[in-house]
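Fold and contact review
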Amino acid sequence: MNEMSTTPEILERDYRRVAQAIDYVVDNRLAQPELAEVADAVGLSPHHFQRVFTRWAGVSPKKFLQYLTLQDAKERLRNSASVLDAALDAGLSGPSRLHDLFVGVDAVTPGEFKARGAGLELTYGFHPSPFGECLIVTSPRGLTGLGFVDEGGAVGDRKTCLAHQQKGWERAIWREDAAATAAIATDAFAAVEGRASNLSLLMRGTPFQVRVWEALLAIPPGRLSSYGRIAEAVCTRKASRAVGAACGANMIGILIPCHRVIKDTGVIHNYRWGVERKRAIIAREAALASS
């Protein structure tokens, strides 16, 4: 069974093991641990660990872990500059393209943003995903929130995850209905895997934040960019701190790929839903892109 046909529940279960393995490798990267050592650290036999990891990532643990190294991140950062330039020059950061899939992208007006969701009904539900349990928030105009849950972790439980999505939209009507959001969750992660979907997104933020998020959409899967490069594309390189803040304010995780923005040094850090999840998403995208 490959990762394209595996159920979200199995992928989510595997992700928990993979996240543990990533933490272990990052903490012990200078020692370059062998397969058996990493497998032992997550409580699996080497054979079972190899199978679980490959099913989730699509490549072997050894190959996947190469994508986590600082040197690999630096190399992909250098190689992405011309790709991002070409994408921006071609207008791919506009509201009609996402990851080379036909996915509609819309943004709230400044007036709607200031209204804090007044008059809008939002439906939400929690679902399994390849990167742990996620929260999906939809509106009549499309998916407007995708976040992650970590019970007992730094990201927070379901209540914390929902409160984060409600921030700034306190005047909206919030209705829980996982049955209604299930198909949206399926489409969202089909798009992440590079498969066709019928998704439409509604971005909610200030005009500057929306410009940053549109620039993020021009970064292809498996590629990386830096805060400074995105700032330069949006206005001026001096605005890299503001770009970082805009990435942090993104409410649609993965689909608006703030995870593809890292430091100019190649260091992978800072992610609303946990740096270990950011590493996993980046490495898995690199694996999918290379295959």
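Residues numbered from 1 in each chain as written. Predicted model: local features only at pLDDT ≥ 70, side-chain atom pairs only at ≥ 80, totals over all residues. Heavy atoms only, no water.

Section: the overall build of the protein chain
Secondary structure summary: the protein chain contains 12 helices and 8 strands in total. Scored against the burial criterion, the 291 residues of the protein chain give a buried share of 52%. Partitioning the intrachain contacts of the protein chain with sequence separation of at least 6 by distance along the chain shows that 67% fall at a separation of at least 24. When the accessible area of the protein chain is evaluated, it comes to approximately 13,100 Å², of which 52% is carbon and sulfur surface. (Helix = DSSP H or I, 4+ residues; strand = E, 2+ residues; numbered from the N terminus. Buried < 20%, exposed > 50% of the residue type's maximum accessible area, 1.4 Å probe, protein only. Contact = heavy atoms within 4.5 Å. Areas by Shrake-Rupley, 256 points an atom, 1.4 Å probe, with all protein chains shown as cover.)

Things to note about the pattern of salt bridges
In this structure the tally under the stated criterion is 11 salt bridges. Its salt-bridge partner being Glu12, residue Arg16 comes within 3.4 Å of it at the nearest N-O pair. One end of the pair is Arg16 and the other is Glu12, both in helix α1 (residues 8-27) and 4 residues apart, which spans about a single turn. A salt bridge links Arg260 to Glu285; the shortest N-O distance between them is 2.8 Å. In this pair, Arg260 sits in the loop between α11 (240-248) and β8 (261-262) while Glu285 sits in helix α12 (residues 275-290), placing the two residues 25 residues apart along the sequence. On the accessibility criterion, Arg260 (1% relative accessible area) is buried. Residue classification places Glu285 among the buried residues on the basis of a relative accessible area of 7%. Sharing partners across several salt bridges, the network here consists of Arg13, Asp14 and Arg55. (Salt bridge = Lys/Arg side-chain N within 4 Å of Asp/Glu carboxyl O.)

Looking at the nonpolar core
Within soluble globular proteins, side chains that are nonpolar generally end up buried alongside one another. If you look at the biggest cluster of nonpolar residues, it comprises 65 residues, and the most contacted ones within it are Phe64, Leu146, Leu216 and Leu255. By residue number, the principal contributor to this core is α1, which donates 8 residues. Among all residues touching Leu146, those that are not within four sequence positions of it are Cys134, Leu135, Ile136, Gln165, Ala188, Phe189, Met251, Ile252, Gly253, Leu255 and Trp273. (Core = buried A, V, L, I, M, F, W, Y, C linked by side-chain atoms within 4.5 Å.)

Remarks on the packing of α1 against α12
Between α1 and α12, whose axes approach to 10 Å, the crossing angle comes to 105°. With respect to each other, α1 and α12 are oriented roughly perpendicular. Between α1, through Leu11, Tyr15, Ile22, Asp23 and Val26, and α12, the contact on the second element is made entirely by Glu276, Arg277, Arg279, Ala280 and Arg284. Of the residues assigned to the contact of α1 with α12, the class counts are 5 nonpolar, no polar and 5 charged. (Axes fitted to C-alpha atoms, helices over the stretch in contact; angles between N-to-C directions. Parallel < 35°, antiparallel > 145°, perpendicular 65-115°, else oblique. Nonpolar A, V, L, I, M, F, W, Y, C, P; charged D, E, K, R; others polar.)

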